[in-house]
Amino acid sequence: MAAAAAAASLAAGAVATWQWHVHRKAVPDAFVLRLEARSDATVCASSGNLTNEEAAMATFQAASDRRCRGLLLRMRCEDTPRVGSGAVGRLGRAQELRDAVLHFRNAQVVEDKANHKQQGVQKDNLGRKRPTIAYGEHFGGFGDNGTLAYYLASACERMYVQPGGSVALLGLSQPRWYAKELLEKYGVKPRVVAKGLYKSAGDVFGRTSGGRRIRRAAQSLVNNLRKQVESGIASGRGWKPEKAKKILAKGGILDASKAVQDGLLDGEMYWDEVQMLLPKDRKGIKPLPQVGALEYLNALQKEKRHKKKQPKIALVFLKGAVLLGRGRDDGFSTGSDGVCAALRAAGEDKTVGAVILRLDSPGGSPGGSIAIEREIHSISQKGKPVIASMADVAASGAYLIAAACSHVIAQPGTITGSIGTLAAKFDVRELMQRHGVHVETSLAGRDAEMFSIYTGWSRSQEKMAVKAVESAYIDFCGRVAQGRKMSTKQVSGVAEGKVFTGTDALQAGLVDSLGGLHHSVDLARKQAGMPSTSPVVVFAPVTRLSLEALLSALRQERPWGLFSHSLHQLGFPTSVFPGLLQLADLFHQDPIQHLDLTTWCIATPAAAMPCT
């Protein structure tokens, strides 16, 4: 009975999903695009998952859509501290969306007098620039750094805050942790070897503080990014650069009235009052309906049914640390097997004319990075351009991957470079002994315990580790030299673990141009000789898992890592999950009785993402 009820619930959810998918609402003939973002410049949606890349794509598309009569950016800043709201490693994603809003702001509405009555919009709203308005209950305050939020919002022509709100332009920060003393306090002895004067990623375990060289490099990086924020705010608000520099240098938290008085904002308004500033319907009374970015993308996907054999651009995502092999489905890492499989599928697809590899990764496994590099070379040999598009971070092993691409694009605030290598080992013998655990090991080989956590390195083993790290460094530099067509001397000048902003990386020859994903799409079409209407299709890896693992994940309410991207691209609601969760509970009680443990193959569909 319970199994039948679960199956019925699952079937009902599937029917609801099908009905919703078929009868999905189209975009109104006249509307306002609504974007929502948090204080760290990451976008959010009222329902479903939305990435900054997707929100930017929606905004670029809306800029050329005559039905879209304006843009409303609502900042969802919080009253509690949000990690990363002032971190330098978050600037790339802010610039991705900010560029799209600026593009919308500067785009002109195409006048259409013949159809304005049918579109239900005032004649005065045609043939002129559309309004771009940013609104927030506050732009940062006590416990919440509003610098990135304000930087993003300054792309809009007008900015308003709720009465009683605040603006907190506190600046940017780059914290560096050093946990060696903490580890040793609990009996863990770390040992880190690195090649590269600036390769400091392992210092979190191996040092108690940063050296003078690292401090200078880090401060230079923060200063560079601060200048980008100052320049962007000055340009967006129509200020002289000196004014933005002075305001950010002063910092502090301003109340709403003071922020308006100083010209940081255009006024104090409540949410319902701001909506009345939006374009009105034909009668000039009711504001036009608002359409969220996610809703807009879903509607466009239904409107633009692309033919299967139509030439297209493949988009492959690499997000999180690079792991060798399958990796983990935790949202913080990506297995090389999956990325390789997606790239291989794109290379073998005859309808794919170009590939964009979207990188947002601090690097990771050398073996995993080299495996992905190999797939890029295979695609290039088939005459297909591969464009590397960098988001917030594309450093170390992720830069090795980017260097293999035919063209590398970064945001000005992207963190990249870090051409260097390191290895770390932890000795936990003392920790175990403190808790009464003693280990005895039988060896068949002098160095069999070299990577064991139950012992430290001998002098000869440490020499072996140093030699291996140096060898990997030489190989890393050689691959960068080959991919970027640079001499060994040129690579040496930008290696040693140095970290660059996108702007500095362009000057150093590590990237070819500055821009976001939209720029990458335009370039891919141009290099492949494809029309501007060619669709962009996401190629995601195929994941094989047992039904047992699937239902276990569902029971723990963690299905989103497996299905969110595919369901989101197709526009499915989550009404199907209650039935699956019931099945998961039944499986937990008695798996053999209720379910056949067959292996399922779940593939993320190649869903077209509309782009301009």
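It should be emphasised that the depicted structure is a prediction, and the values quoted were computed from it without experimental measurement. (Residues numbered from 1 in each chain as written. Predicted model: local features only at pLDDT ≥ 70, side-chain atom pairs only at ≥ 80, totals over all residues. Heavy atoms only, no water.)

Notes on the pattern of salt bridges
This is how the line gets drawn: By convention in these notes, a salt bridge is any Lys or Arg side-chain nitrogen within 4 Å of a carboxyl oxygen on Asp or Glu. Under the scheme used here, helices are H or I runs from DSSP no shorter than 4 residues and strands are E runs no shorter than 2 residues, and both carry numbers assigned from the N terminus. Buried means the residue's accessible area, taken with a 1.4 Å probe over protein chains only, is under 20% of the maximum for its type, while exposed means over 50%, and partly exposed covers the values in between.
Inspection of the entire model under this criterion finds 22 salt bridges. A salt bridge links Asp360 to Lys319, with the shortest nitrogen-to-oxygen separation between them at 3.4 Å. Here Asp360 is found in strand β13 (residues 352-361), whereas its partner Lys319 is found in strand β10 (residues 312-319), with 41 residues between them in sequence. The exposure class of Lys319 is partly exposed, given its relative accessible area of 46%. What emerges from the salt-bridge pattern is a single network uniting Arg34, Glu36 and Arg76.

Notes on the pairing of strand β14 (residues 386-395)
Each regular strand displays side chains that alternate between the two surfaces of the sheet. As a reminder, the rule being used: Note on pairing: DSSP must find at least two bridges between two strands before they are called paired. Classification remark: right-handed applies to a crossover when, strands pointing away from the viewer, the course from the first strand over the helix to the second runs clockwise.
Of all the ten residues making up β14, ten are buried; the element is thus mostly covered by neighbouring parts of the structure. Alignment of β13 against β14, held across six bridges, turns out to be parallel. Directly across from Leu359, in β14, lies its bridge partner Met390. Bridge count for β14 against strand β15 (residues 407-410) is three bridges, and the pairing is parallel. Within β15, the position partnered with Ser389 by the bridge is Ile409. As a crossover connection, the stretch from β14 through helix α14 (residues 397-403) into β15 is right-handed. Note: β14 against strand β16 (residues 415-417), three bridges, orientation parallel. Across the sheet, Val393 pairs through a bridge with Ile415, a residue of β16.

Structural notes on a positive patch on the surface
We apply this condition: Excluding any residue in a salt bridge, patches collect residues exceeding 30% relative accessible area, merging like charges within 9 Å and nonpolar Val, Leu, Ile, Met, Phe, Trp and Tyr side chains within 5 Å. For accessible areas, the Shrake-Rupley method is used with a probe of radius 1.4 Å. Any residue's cover is judged against the shown protein chains and nothing else. A residue counts as positive if it is Lys or Arg and as negative if it is Asp or Glu; His and the chain ends are not included. We put the charge of a Lys on NZ, of an Arg on CZ, of an Asp on CG and of a Glu on CD.
The grouping of Arg176, Arg207, Arg212, Arg213, Arg215 and Arg216 at the surface amounts to a positive patch. Among the secondary structure elements, Arg215 is positioned in helix α7 (residues 212-237).

Notes on the packing of helix α2 (residues 52-63) against helix α11 (residues 293-303)
Quick note on the threshold: Angles run from 0 to 180 degrees between N-to-C directions of axes, and those axes are lines fitted to C-alpha atoms, restricted for helices to the stretch in contact. Working definition: roughly parallel below 35 degrees, roughly antiparallel above 145 degrees, roughly perpendicular at 65 to 115 degrees, and oblique for all remaining angles. Left-handed describes a crossing whose near helix is turned anticlockwise from the far helix through less than a right angle; right-handed describes the clockwise counterpart. Two residues form a contact once any of their heavy atoms are found within 4.5 Å. Amino acids outside the nonpolar list (Ala, Val, Leu, Ile, Met, Phe, Trp, Tyr, Cys, Pro) and the charged list (Asp, Glu, Lys, Arg) are all regarded as polar, and Gly is one of them.
Two elements in contact, α2 and α11, have axes whose closest approach is 9 Å; the angle formed by their N-to-C orientations is 65°. As summarised for this structure, α2 and α11 are arranged roughly perpendicular, according to the angle between their axes. Like other packed secondary-structure pairs, α2 and α11 cross with a definite hand, here left-handed. Contacts from Glu54, Ala55, Ala58, Gln61 and Ala62 of α2 reach α11 at Ala293, Tyr296, Leu297 and Leu300. Among the residues making up the contact of α2 with α11, the classes are represented as seven nonpolar, one polar and one charged.

Some words on helix α13 (residues 366-381)
Each turn of an α-helix holds 3.6 residues, which means side chains three or four residues apart point in the same direction. We count it as follows: Each residue after the first adds 1.5 Å to the expected span of a helix. Any pair of N or O atoms that falls within 3.5 Å is considered a polar contact. Within protein, one atom must be able to donate a hydrogen and the other to accept it, and sequence-neighbouring residues count only if both atoms are side-chain atoms.
The terminal C-alpha atoms of α13 lie 23 Å apart, and with 16 residues this matches the ideal 22 Å at 1.5 Å per residue to within 8%. With a side-chain oxygen positioned 3.3 Å from the backbone nitrogen of Gly367, the residue opening α13 is Ser365. Among the residues trailing α13, Gly383 stands out with phi positive, at a value near 85°.

Quick word on the confidence of the model for the protein chain
Note the following rule: Per-residue confidence from the predictor is reported as pLDDT, which spans 0 to 100.
The predicted model of the protein chain has a mean per-residue pLDDT of 82, with 77% of residues at 70 or higher. Across residues 6-24 the pLDDT falls below 50, and counting only partners more than four positions away or on other chains, this stretch makes 31 contacts in the model. Taken together, the stretch residues 113-127 has pLDDT below 50 and engages in 31 contacts with residues farther than four places along the chain or on a different chain.

Some thoughts on unusual backbone geometry
Backbone phi values are negative for most residues with the exception of glycine, while trans is the configuration of most peptide bonds. The residue Ser418 is not glycine, and still its phi comes out positive at about 60°. Here Ser418 is to be found in the loop between β16 and β17 (421-427). The backbone of Glu496 shows a phi angle near 60°, a positive value even though the residue is not glycine. Within the secondary structure, Glu496 sits in the loop between α17 (488-494) and β18 (499-501).

Side note on the environment of Val536
Tracing the chain through its elements places Val536 in strand β20 (residues 536-538). A sequence separation of 222 residues divides Val536 from Ala314, and the C-alpha atoms of the two residues are 5.9 Å apart.

Things to note about the packing of aromatic side chains
Threshold: Paired rings are identified among Phe, Tyr and Trp, the last through its six-membered ring, by centres lying within 6.5 Å, and are further divided according to the angle between planes into stacked (under 30 degrees), edge-to-face (over 60) and tilted (the rest).
This structure, assessed with the given rule, holds four aromatic pairs. Where Phe31 meets Tyr296, the ring centres are 5.5 Å apart and the plane angle is 45°; that geometry is what we call tilted. Of the two residues, Phe31 sits in strand β1 (residues 31-37) while Tyr296 sits in helix α11, which places them 265 residues apart along the sequence. Just as Phe31 is buried, Tyr296 falls in that class too. Here Phe205 and Phe426 contribute two aromatic rings whose centre-to-centre distance is 5.1 Å and whose plane-to-plane angle is 85°, an arrangement assigned as edge-to-face.

Examining the sheet that holds strand β8 (residues 267-268)
What the six strands build is an open sheet, ordered β8-β4-β3-β2-β1-β9; its pairing is parallel. Every interior strand has two partners, whereas the edge strands, β8 and β9 (290-292), have only one. Pairing between β1 and strand β2 (residues 68-75): six bridges, direction parallel. Bridge pairing in β2 links Glu36 to Arg74. Relative to β2, helix α3 (residues 91-106) is tilted by about 145°, and along the sheet it contacts β1, β2 and β3 (132-136). Running over the sheet, α11 touches β1 and β9 and is turned about 80° from β9.

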